[in-house]
Amino acid sequence: MSGPREPTQDPRGEAQDALLSAYLDDALEPSERAALERRLAREPELAARLARLRAVDEGLRALAAEGPDEARVEALREALEARLAGDPSADLAAPDRAAPTPSGRPRRPAAARVVPMLVAAAAALALYLALPVGREGDVGPPERSGLEDAPVGSESFAVQERSDAARANDAPFAEELSSEELSSEQLSSEEMAIIDRLEVLEYLAARDEGGQG
Amino acid sequence: MQTSDPDARLMLAFRDGDDAALSTLYRRWAAPLVRFLERIVRDRTTAEELMQETFVRVHGARDRYEPQARFSTWLYRIARNLALNELDRARNRAPHLAADATGAGEDREAGDTGRPSLALVDGGASVDTLVDARRESRRLQAALDSLPERQRSALWLAAVEGHAYEEIATMLDTTTASVKSLVHRARSGLADRIEAEAARVGEAGR
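These figures come from a predicted structure and were not determined experimentally.

Visitor: Explain the overall build of chain A here, please?
Guide: For chain A, the helix and strand inventory stands at 7 helices and 0 strands. Counting from the amino terminus, helix and strand elements in chain A follow one another as α-α-α-α-α-α-α. Residue pairs at least 24 apart in sequence account for 56% of intrachain contacts in chain A once pairs closer than 6 positions are excluded. As presented, chain A carries roughly 11600 Å² of accessible surface, and 52% of it is formed by carbon and sulfur atoms.

Visitor: Sorry, what's going on with the overall build of chain B here?
Guide: Along chain B, the regular secondary structure elements total 8 helices and 0 strands. In chain B, the succession of helices and strands from N to C terminus is α-α-α-α-α-α-α-α. Split into buried and exposed, the 206 residues of chain B put 61% on the buried side. Accessible area of chain B: about 8100 Å², with a carbon and sulfur share of 48%.

Visitor: Could you clarify how one ought to interpret the nonpolar core in this entry?
Guide: Within soluble globular proteins, side chains that are nonpolar tend to cluster in buried spots. In terms of nonpolar packing, the biggest core is built from 72 residues, with Leu60 of chain A together with Met51, Phe55, Phe71 and Leu190 of chain B touching the most fellow members. The element contributing the most residues to this core is helix α2 (residues 19–41) of chain B, with 13 residues. Look past the residues within four positions of Phe71 of chain B in its chain and what remains in contact with it is Asp5, Asp7, Ala8, Met11, Leu25, Trp29, Val58 and Tyr65 of chain B. Of all hydrophobic cores here, the second largest spans 6 residues; its members include Val200 and Tyr203 of chain A together with Leu130 and Val131 of chain B.

Visitor: What am I meant to see in the environment of Ile40 of chain B here?
Guide: All names here are of chain B. With respect to the helices and strands, the residue Ile40 is situated in helix α2. The spatial distance from the C-alpha of Ile40 to the C-alpha of Ser153 is 6.9 Å, given a sequence separation of 113 residues. Aside from chain neighbours lying at most four places away, what touches Ile40 is Arg80, Ala83, Leu84, Leu87, Glu149, Arg152 and Ser153.

Visitor: Is there a simple way to explain the side chain of Gln52 of chain B in this structure?
Guide: If you trace the backbone, Gln52 of chain B turns up in helix α3 (residues 44–60). Accessibility expressed as a relative area gives 0% for Gln52 of chain B, which makes it buried. There is a polar contact of 2.9 Å between the side chain of Gln52 of chain B and the backbone oxygen of Leu76 of chain A.

Visitor: Looking at this structure, how should I read the environment of Glu49 of chain B?
Guide: Residues and elements named next belong to chain B. Relative to the assigned elements, Glu49 resides in helix α3. On the basis of relative accessibility, which here comes to 14%, the residue Glu49 falls in the buried class. Put simply, Glu49 and Val34 are 15 residues apart on the chain and 8.7 Å apart in space, counted from C-alpha to C-alpha.

Visitor: Would you mind showing me how to read the packing of α2 of chain B against helix α4 (residues 71–93) of chain B here?
Guide: The relative placement of two packed helices is expressed as an angle between their axes plus a distance between the axes. All names here are of chain B. Packing of α2 against α4 leaves a shortest axis separation of 10 Å and a crossing angle of 35 degrees. As for the relative orientation of α2 and α4, their crossing is right-handed in sense. Counted together, Leu25, Trp29, Pro32, Leu33, Phe36, Leu37, Ile40 and Val41 of α2 and Phe71, Ser72, Leu75, Tyr76, Ala79, Arg80, Ala83, Leu84 and Leu87 of α4 form the full contact between these two elements.

Visitor: For this particular structure, what's the right way to read helix α4 (residues 70–84) of chain A?
Guide: Since the α-helix advances by 3.6 residues per turn, residues separated by three or four positions end up pointing in the same direction. Counted at 1.5 Å a residue, the expected span for α4 of chain A with its 15 residues is 21 Å, and the 21 Å between its end C-alpha atoms agrees. Those residues of α4 of chain A not exposed but buried are Arg72, Val73, Ala75, Leu76, Arg77, Ala79 and Leu80 of chain A. The secondary structure elements touched by the buried residues of α4 of chain A are α2 and α3 of chain B.

Basis of the calculations
Residues numbered from 1 in each chain as written. Chains lettered and ligands numbered in written order. Predicted model: local features only at pLDDT ≥ 70, side-chain atom pairs only at ≥ 80, totals over all residues. Heavy atoms only, no water. Helix = DSSP H or I, 4+ residues; strand = E, 2+ residues; numbered from the N terminus. Contact = heavy atoms within 4.5 Å. Areas by Shrake-Rupley, 256 points an atom, 1.4 Å probe, with all protein chains shown as cover. Buried < 20%, exposed > 50% of the residue type's maximum accessible area, 1.4 Å probe, protein only. Core = buried A, V, L, I, M, F, W, Y, C linked by side-chain atoms within 4.5 Å. Polar contact = N/O pair within 3.5 Å; in protein donor to acceptor, adjacent residues only side chain to side chain. Axes fitted to C-alpha atoms, helices over the stretch in contact; angles between N-to-C directions. Left-handed = near helix turned anticlockwise from the far one by under 90°. Expected span 1.5 Å × (residues − 1).

Okay, here's the thing in structure tokens:
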């Protein structure tokens, strides 16, 4: 664990965090709540810690927003109903995904999904990266196929066979490595920044496409 | 038995022959269940399959359903048990890859859903702002994935799904005091890790 807070060294902080956490979950008695709110008003450090804990919750809720959309939920329901209607062979797997994946297979990391196209896209990216914050409407979007709904093809099963030697290899763009070998921990911060930027540009392109269409 | 839980009433209606009641329950709970299951198994497709399997179990329990707790509590218990079984199976299939239920996960990005939560911060935000948001989301996802499953589940159910500690205790088969502790340790741990990571990245230069 790399967490900076050592509970044994800071029992007071632990108790304080426990109180703040219960406060965020509305799990304090009214009197406890009122007492804490009085402290928050006069103890900026306590208020700052509360803000940091609250930011975690907000981040988690943002992750939740990435959940399945209505259309997806409905498609899954139709598959489910076919099964419940008495067809025991009906596949519960996602009907609109090209290749159902074996259960339990870890999802391909977003980084891994885009890495194979990174080298080819590097030259074009240099242009994007040099652009000022405001985007030109006529700048084409980056390749989309590598960024979302990448078909889970046979190469994804390479992950089942990866060797320890390959896993130890930290050369992120080595061609002999399957993209599955890569994780964010093997990518430099510059490479991760490029991936983040690619995903943002892809998001903006999709948004604009939707807005214009 | 009378129940004030509208979901339990729907389930009783389903038990008594109203098939549409199950569809209503599905539409209400399918998406939150997928999100919750994805936090445990760290894979969207598996989470979707487990959500469907959960409703298969609900359907199978139709004739013997009795509302003893909130319907959602019962539903999440079924879902989590299926997910933990799935983790066990995955671990047996490929021990070095399995998303472990006890933390110390090596596959820190496995639950990354790819699509950034950018719409939440968009509103005409600059590319740089959106890149920052994407980076934060990635860090949080990795930090969340590294927590022990019980902490991960407890925090998610409290902070995102808004369940009371008592309900979560039933879902996780533990005590309310334990849930309070799990949630607090998870939340504090994430806050500390994100802070440390941000400091580390800051020092390394952006």
